[in-house]
Amino acid sequence: MDAADVGADFGRVLKTQAELDQRLEELAQQIDQDYAGRELLLVGVLKGAVMVMADLSRRLHSKVTMDWMAVSSYGSGTKSSGVVRILKDLDTDIHGRDVLIVEDVVDSGLTLSWLLANLRSRGARSVEVAAMLRKPAAAKVDVDVRYVGFDIPNEFVVGYGLDFAEHYRNLPFVGTLAPQAYE
């Protein structure tokens with residue numbers, strides 16, 4: 001799928017596939033350095049982090065295991081509801097483990113703040129965050145994101161795992177939708 005497939009619903013490209021690939025390579029190098037000699041548990045946040053998790057994990061040279069969580073605070077809208085539900089919990093006991101939460105985008109920070117507290121309460125040795133995208137202007141709570149791919153404007157974005165009503169996740173870049181697509 002590409003921008004032409006989206007047609008009139010498409011706005012503009014914010015981050016190209018090449019930019020995403022380059023930044024993932026840089027993040028992987030930093031993560032490998034920071035976790036040298038330690039086993040890292042990557043926790044992908046479904047569904048949006050699927051692309052980031054797959055591409056980041058393949059670039060890592062560290063010993064890693066992976067697990068997934070699904071949490072919801074969106075429904076089918078474009079704004080966070082602030083109410084978090086666990087839809088799928090971890091299969092892995094994280095007690096004493098180094099955990100890296102892998103996220104597609106951090107906007108309000110409400111869901112991520114809740115998730116950090118939840119995982120830390122389970123006795124992990126460390127819990128950090130890697131996010132491909134962050135929207136500083138959308139932040140409602142301060143959340144420490146250790147590894148950030150890109151800061152982007154506070155616009156509704158799709159592609160590279162990000163969706164609108166479950167569509168557009170398979171775009172290989174991050175872009176905006178035209179307002180008529182979601183209004």
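S.K.: Give me the lowdown on helix α2 (residues 17-34), citing residues and values where you can.
M.R.: Look at α2: 26 Å from first C-alpha to last across 18 residues, which is about the 26 Å you get at 1.5 Å a residue. Along α2, the residues classified as buried are Leu20, Leu24, Leu27, Ala28, Ile31 and Asp32. Down the axis of α2, the sector holding all buried residues measures 135°, keeping them to one side. In α2, the exposed positions that point more than 90 degrees away from the buried face belong to Ala18, Gln29 and Gln33.

S.K.: Give a detailed account of the pairing of strand β2 (residues 40-46), specifying residues and quantitative values.
M.R.: For β2, a buried count of six out of seven residues is recorded, marking the element as mostly surrounded by other parts of the structure. Judged from the seven bridges that link them, β2 and strand β3 (residues 64-72) form a sheet pairing that is parallel. Of the residues in β3, the one forming a bridge with Leu40 is Val64. Between the parallel elements β2 and β3, the chain passes through helix α3 (residues 50-59) in a crossover that is right-handed. As defined by bridge partners, β2 adjoins strand β5 (residues 98-106) across five bridges and the pair is classed as parallel. If you follow Gly44 over to β5, its bridge partner there is Val102.

S.K.: So what's going on with the sheet that holds β3? Residues and values would help.
M.R.: For sheets, the rule is that strands pair by backbone hydrogen bonds, running either parallel or antiparallel. Spatially, the six strands line up as an open sheet ordered β4-β3-β2-β5-β6-β7, and their pairing is mixed. At either end of the open sheet lies a strand with only one pairing partner, and these are β4 (85-88) and β7 (147-151). The average angle at which neighbouring strand axes cross in this sheet is 30°, direction not considered. Looking at chain direction, β5 and strand β6 (residues 126-134) are connected through eight bridges and run parallel. Bridge pairing in β6 links Asp98 to Ser126. Sitting on the sheet, α2 is in contact with β2, β5, β6 and β7, with an inclination near 160° to β7. In this fold helix α4 (residues 110-120) packs onto β2, β3, β4, β5 and β6, with an angle of close to 170° to the strand it touches most, β5.

S.K.: Quick rundown of empty space enclosed by the protein? Include the residues and the values.
M.R.: Going through the model one piece at a time under the given rule, you end up with one cavity of 30 Å³ or more. Within this model, the largest cavity holds a volume of roughly 30 Å³. Lining the largest cavity are Leu24, Leu27, Val52, Leu56, Ala130, Ala131 and Met132. Listed by contribution, the elements that provide at least two residues to the lining of the largest cavity are α2, α3 and β6. Here the lining of the largest cavity takes three residues from β6, the largest share from any one element. Of the residues assigned to the lining of the largest cavity, the class counts are seven nonpolar, no polar and no charged.

About the criteria used
Residues numbered from 1 in each chain as written. Predicted model: local features only at pLDDT ≥ 70, side-chain atom pairs only at ≥ 80, totals over all residues. Heavy atoms only, no water. Helix = DSSP H or I, 4+ residues; strand = E, 2+ residues; numbered from the N terminus. Expected span 1.5 Å × (residues − 1). Buried < 20%, exposed > 50% of the residue type's maximum accessible area, 1.4 Å probe, protein only. Arc of directions from axis to C-beta. Pairing = 2+ DSSP bridges. Right-handed = clockwise from strand over helix to strand, strands pointing away. Axes fitted to C-alpha atoms, helices over the stretch in contact; angles between N-to-C directions. Contact = heavy atoms within 4.5 Å. 1 Å grid on protein atoms, 1.4 Å probe; cavity = no way out; pocket = protein on both sides within 12 Å on 5 of 7 lines; lining within 4 Å. Points joined across faces, edges and corners; volume = space filled by probe spheres on them. Nonpolar A, V, L, I, M, F, W, Y, C, P; charged D, E, K, R; others polar.

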